[in-house]
Amino acid sequence: MTVMLSGPPFWFACSIIFDAATLKTVFTKTTKGEWQGNTLGLTNDRLYISAHGAKMKKLIHAGVVRAYSIPKGKLLGTITALQPKALDYFGSSVDASDSVLAISGVFDEERN
């Protein structure tokens, strides 16, 4: 079992996975200026960490969500909005189960 600790959405942010049995750090991810770790999603084998302040292709605060394996912390991929725009804050909310991943962008104005 793992336990997550996420730093506040300030200039530097840190997300840490601990082994709940040993309390040893299994994985640490620190970023600068992305507001990483404000929201997290967890499944049996994956950790989704939001970085809703991340810059994409010069678009400030477009936001991304990164998927990591548990317990090793290997980056599996980066999830972006379908049509990223500046100030979308994609990843401002993340929730996950073994079959569904839900991600919101509070200022995303995409229409389906």
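Structure shown above.
Computed from a predicted structure; not experimentally measured.

**Q** Break down the sheet that holds strand β5 (residues 46-51) for me, with residues and values.
**A** In space, the four strands of this open sheet follow the order β4-β5-β6-β7, with antiparallel pairing throughout. Each edge of the open sheet is held by one strand with a lone partner, namely β4 (36-42) and β7 (75-79). Strand-to-strand twist in this sheet, taken as the mean axis angle between neighbours without regard to direction, amounts to 25°. In terms of strand pairing, β4 meets β5 through four bridges, oriented antiparallel.

**Q** Provide a residue-level description of the nonpolar core, including the pertinent values.
**A** By size, the foremost hydrophobic cluster in this structure holds seven residues: Tyr48, Val65, Ala67, Ala81, Phe90, Val94 and Ala96. Contributing elements (two or more residues each) for this core: β6 (64-69) and β8 (90-96). Per-element accounting of this core gives the leading share, three residues, to β8.

**Q** So, the environment of Asn38: which residues are in play, and what are the values?
**A** Within the secondary structure, Asn38 sits in strand β4. On the basis of relative accessibility, which here comes to 36%, the residue Asn38 falls in the partly exposed class. For the pair Asn38 and Ser15, spaced 23 residues apart in sequence, the C-alpha separation works out to 9.1 Å.

**Q** I'd like to hear about the pairing of strand β9 (residues 101-105), residue by residue, with values.
**A** Here β8 pairs with β9 via five bridges, running antiparallel. Looking at β9, one finds that Asp95 is bridged to Ala102. Hairpin remark: β8 followed by β9, antiparallel, with four residues in the connecting loop.

Each value, and the rule that gives it
- Residues numbered from 1 in each chain as written.
- Predicted model: local features only at pLDDT ≥ 70, side-chain atom pairs only at ≥ 80, totals over all residues.
- Heavy atoms only, no water.
- Pairing = 2+ DSSP bridges.
- Helix = DSSP H or I, 4+ residues; strand = E, 2+ residues; numbered from the N terminus.
- Axes fitted to C-alpha atoms, helices over the stretch in contact; angles between N-to-C directions.
- Core = buried A, V, L, I, M, F, W, Y, C linked by side-chain atoms within 4.5 Å.
- Buried < 20%, exposed > 50% of the residue type's maximum accessible area, 1.4 Å probe, protein only.

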